[in-house]
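Chain residues, written in single-letter form:
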Amino acid sequence: MDFSKLGSTKQVAAPTNPIKIFETLPSLSGTFNDLWRGQDKALTEWDKARDKSDVLVSLNTGAGKTIVGLLIAQSLVNEGLANVLYVCSTIDLVRQTSEEAKRIGIDHTTRVRREFSNDLFETGKAFCITTYAALFNGHSALRNKFFPQAIIFDDAHVAENLLRGAFTLRFDIRDNEPLFKEIADLFAPHFKDLGVPGRFRDSLDLSRYSTSFVAPGGFYERSERLLDILLRHGIKDHAELAYPFAWLEDHINAYAAIFTRGSFELTPPFLPSLALDIFQQKIRRVYLSATLESQADFIRAFGRQPDVTITPANDAGNGERLVINGQKVKGGFDPTFAKKLIKKQKAVIAVPDYEQAKRWADIAVPPEPQEFSEKLEEFRKARDGAFTLVSRVDGIDLPHDTCRIMIMEGLPSGSSLLERYQWEYLRMNNVHAVRVANRLAQLFGRINRGRNDYGAFLVEGTDLNKWLGNDRNLALLPPLLQKQIIIGREVQSSFGIDDPNQAIELVERVLGRDEGWLDYYQREVKLAEIDQDQLARHKAVEPFLIAAAQSEAKYAAAMWNGDPATARRELEKTVDTTAQQDTPLGGWHAVWLGAAFELEGDKNAALIAYGQAMRRLGGGMTLPRPVGGLVEKAQVPDLNAFGRSLRDLLSYTHGNKFEAEFTKLKAALALIEEGEPKQAEGGVRALGELLGFTATRPDSDEGTGPDVLWRDDAKPRQFGFELKTDKKAPATYHKKDVSQGHDHLEWMGQVHNQHEILGLAFLGPQGNADQRANPSAEMSLCLVPALAALRDEVVALIEDLRKQSPVERLVAISKESEREYWDFINILKRLGLKLLK
């Protein structure tokens, strides 16, 4: 062992300057010699601001943002920061970004579907490329086990939709009709109270375009019962919904609810980004974005304005585009036109949803998600044909000859039902316009990826053509795209192109590099301008929209943390100013100002805020209405037995006293599942009493009769329980057990002969009667989980009622207890009793 020949253990310090890192990368086939001017400028500026917490790097689509992001990520690793992440919108983009890193020789790890590709990230030697969903889902192992000291957010300009997906739960009647129906039944009385039961019924119908927004108070009153329903239906075991439910479960009062076309959605009205540790803690956050003309949607996504914004002047990504309006062409750019077009050309068809994709089925059918990458690669290599993109504005690169034509139909909308409701019913046009502009900028870049690239964009349908025809909307797009759309207008108008054959000829001339077109484009692209008044109006309104977005972010964080008073104060600062600049947005803010008042217990102030909201939003939303601006002092209503039971429990004026009594009650009710048979009898009796029945234990009290008897004395009826909870499944109910049942039924008929006998249930595990036993038609089997579910339902109701003010609570108790839902017969039906056979 000659120790003098050993090398040093001291490592050479790796460079942290991102440009020097690029210069030291290995020379691999496929790598390039130099950075583009815009990339060099962006990296130089970032290096100067690298210690800032929030830095936005804004480059044209196709200008090489990925290389910039990868070099920044490597720089942060070399600096010594732990757990550096590079997050992408989709798994496809993770793979594309990984390929780009390999191409230039940067070591890295990827994480897809809970698996690391290697151990470099875990051992601190490299950064990890993963998805937004992996970082922000409610059970994120990355966030919990590998909390990052730095994150690069790719496609930050369209991140609001990605982040919202991490918090959103949607239930469709086609996927789980029993669950959907139970949720609908829970909220049906709420919409009846609002006076819109017909609209609500329509919103449950797949064939009708109707939407019903759940008023915040109506949602809060039912939140515990909603959680109970979701838990009973196994939400925590759902392959997809378990992740957003992890957020919802402890923050349900920070959510909104909406029904539309047979779907029910739960999502925050504003994203709670500022309440998340990723944005609370002082870590490095770098946002890679296309050029932004408004930062309002960026703030809605991330909760903050960047400390530094880097927007280097460059022409990389400034591809040439011809944009044609299909509304001015006979027949438009419909599937018949597309069939003719793709005989010689390749075309991408971009649509906002699968419903619109059906129209194009004869041309191209969207691939299944698991086949998407494979089918896209086949299209890249094909000489002709079409490929349908559904609601995809990012992660698809079809540069140069891989595709030069895109048919665009419909405004690119997010997947959130709440967002569509804001646009279609509340007419929140300014908020929606910013989102659409960011998505369109991304969409136009799918087949137009660089300075030397060129393509034709054929705009089909009314919505998108009208949107692009409004200069106020164009002001939100990147300047070059604004000019290209104006050039398209002039070409189409001057040549009078209103025939499909003319449109195809124009496309062929542009793609064939007609010299006259090239000269005209190069001259006009320097001169074209949108209406300067519209541009000035956008710039004047922008500061107010930014302030509104910041208020939303602070409100959402406070509500997420269970602090409605702070949330309310944040919106109060800006709600009226916001309404002066954008009336519908001010109305939306007033809705959630009222929601904060509700949670604070100030119903009067809530109703006043709701009144303001409805005036600002027009007829798109129905909320509880104020009576002269104040809640009328309701007289104490007459209550039935169930109502009196609820009132007695909820009448404690001192919160601690209520909590103590409620805790004791829940402990007794828990014995239904957890106790020995005699203890369980006490739990079953307590549940009957809570439901307003005269509940007794005849066998224990009198030495005869069933273990527990529930009696309705108002409408004389009775039902008995014989507990067999100590049996093992599958259980056999022997002749002796059944004989006891016959005795109990006889006793019930003799002792309480004025009460109709609804039956006798053996409470125990699944099983059958012994062949020698002869159970009567009045005997049934009740499973313990079914009775426990009824118990949980009542407990959830009590917790919802407790949230209301004393006067409002009495009214709510009266309405709830009088529902047919709580009739004795309907309660027994929900227990799922089965005849003992």
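Residues numbered from 1 in each chain as written. Predicted model: local features only at pLDDT ≥ 70, side-chain atom pairs only at ≥ 80, totals over all residues. Heavy atoms only, no water.

Caption draft 1: Examining the sheet that holds strand S1 (residues 54-58) more closely. With mixed pairing, the eight strands of this open sheet are ordered in space as S4-S3-S5-S2-S6-S11-S1-S12. Where the open sheet ends on each side, the last strands, each with one partner, are strand S4 (115-116) and strand S12 (308-310). The sheet strands contacting helix H2 (residues 37-48) are S1, strand S11 (284-289) and S12, and the helix crosses S12 at an angle near 165°. Contacting strand S2 (84-88), strand S3 (109-112) and strand S5 (128-131), helix H4 (residues 91-104) crosses the sheet at an angle of about 160° to S5. (Pairing = 2+ DSSP bridges. Helix = DSSP H or I, 4+ residues; strand = E, 2+ residues; numbered from the N terminus. Contact = heavy atoms within 4.5 Å. Axes fitted to C-alpha atoms, helices over the stretch in contact; angles between N-to-C directions.)

Caption draft 2: Highlighting the packing of aromatic side chains. A complete count under the given rule lists 46 aromatic pairs for this structure. When the centroid spacing of 5.2 Å and the interplanar angle of 55° are considered together, the rings of Phe 153 and Phe 302 count as tilted. Taken as a pair, Phe 153 in strand S6 (residues 150-153) and Phe 302 in helix H14 (residues 296-302) lie far apart in primary sequence, 149 residues in all. Phe 302 sits in the buried class, given a relative accessible area of 0%. Ring geometry for Phe 171 versus Phe 264: centroids 6.3 Å apart, planes at 25°, classification stacked. You can see Phe 171 sitting in strand S7 (residues 169-172) and its partner Phe 264 sitting in strand S10 (residues 263-267), a full 93 residues away along the chain. Overall, the relative accessible area of 5% leaves Phe 171 in the buried class. Classification of Phe 264 as buried rests on a relative accessible area of 0%. Put simply, the rings of Phe 171, Phe 180, Phe 187, Phe 191, Phe 200, Phe 219, Tyr 220, Phe 259 and Phe 264 touch in pairs and so form one group of aromatic residues. It is Arg 111 that lies over the ring of Phe 116; its NZ or CZ is 4.6 Å from the centre. In this arrangement the basic side chain of Arg 830 is found over the ring face of Tyr 821, its NZ or CZ atom lying 3.6 Å from the centre. (Phe/Tyr/Trp six-rings, centres within 6.5 Å; stacked < 30°, edge-to-face > 60°. Buried < 20%, exposed > 50% of the residue type's maximum accessible area, 1.4 Å probe, protein only. Lys NZ or Arg CZ within 6 Å of the ring centre and 35° of its normal.)

Caption draft 3: Examining a nonpolar patch on the surface more closely. A cluster of nonpolar residues, Met 1, Phe 3 and Leu 6, forms a patch on the protein surface that exposes about 480 Å² of accessible area. Position of Met 1 among the secondary structure elements: in the segment before helix H1 (18-23). Among the residues examined, Met 1 registers a relative accessible area of 95% and is labelled exposed. (Patch = residues over 30% accessible without salt bridge, like charges linked within 9 Å, V, L, I, M, F, W, Y side chains within 5 Å. Areas by Shrake-Rupley, 256 points an atom, 1.4 Å probe, with all protein chains shown as cover. Salt bridge = Lys/Arg side-chain N within 4 Å of Asp/Glu carboxyl O.)

Caption draft 4: How the structure looks around helix H3 (residues 65-79). With 15 residues, H3 extends 21 Å between its outermost C-alpha atoms, agreeing within 8% with the 21 Å of an ideal straight helix rising 1.5 Å per residue. When you tally the buried positions in H3, you get 12 out of 15 residues, the bulk of the element. For H3, the complete set of buried residues consists of Lys 65, Ile 67, Val 68, Gly 69, Leu 70, Leu 71, Ile 72, Ala 73, Gln 74, Ser 75, Leu 76 and Val 77. Once H3 ends, the next one or two residues include Gly 80, with phi positive near 105°. (Expected span 1.5 Å × (residues − 1).)

Caption draft 5: Spatial organisation of the side chain of Asn 473. In this fold, Asn 473 is placed in helix H21 (residues 471-474). A polar atom in the side chain of Asn 473 sits 3.1 Å from the backbone oxygen of Trp 467. (Polar contact = N/O pair within 3.5 Å; in protein donor to acceptor, adjacent residues only side chain to side chain.)

Caption draft 6: The arrangement of the packing of H3 against H4 in detail. The N-to-C vectors of H3 and H4 enclose an angle of 70°; their axes lie 10 Å apart at closest approach. The orientation of H3 with respect to H4, classified from their angle, is roughly perpendicular. Together, Thr 66, Ile 67 and Leu 70 of H3 and Thr 97, Glu 100, Ala 101 and Ile 104 of H4 make up the contact between the two elements. Among the residues forming the contact of H3 with H4, the class breakdown is four nonpolar, two polar and one charged. (Parallel < 35°, antiparallel > 145°, perpendicular 65-115°, else oblique. Nonpolar A, V, L, I, M, F, W, Y, C, P; charged D, E, K, R; others polar.)

Caption draft 7: Broad picture of unusual backbone geometry. With omega at -5°, the peptide bond leading from Ala 729 into Pro 730 counts as cis. Examined against the element boundaries, Pro 730 turns out to sit in the loop between strand S20 (717-723) and strand S21 (731-733). One non-glycine residue, Arg 261, lies in the positive phi region at around 45°. According to the relative accessible area criterion, Arg 261 is partly exposed, its value standing at 27%. The residue Arg 513 is not glycine, and still its phi comes out positive at about 60°. If you trace the backbone, Arg 513 turns up in the loop between helix H23 (500-511) and helix H24 (515-524). Its relative accessible area of 24% is what places Arg 513 among the partly exposed residues.

Caption draft 8: Broad picture of helix H26 (residues 564-581). Helix length check: H26, at 18 residues, gives a terminal C-alpha distance of 25 Å against a target of 26 Å (1.5 Å per residue), a fit within 8%. Maximum bend of H26: about 40°, positioned at Val 575. Of the positions making up H26, those classed as buried are Pro 564, Ala 565, Ala 567, Arg 568, Glu 570, Leu 571, Thr 574, Val 575, Thr 578 and Ala 579. (Bend = angle between axes of the 7 residues up to and from the residue.)

These figures come from the coordinates and say nothing about function on their own.
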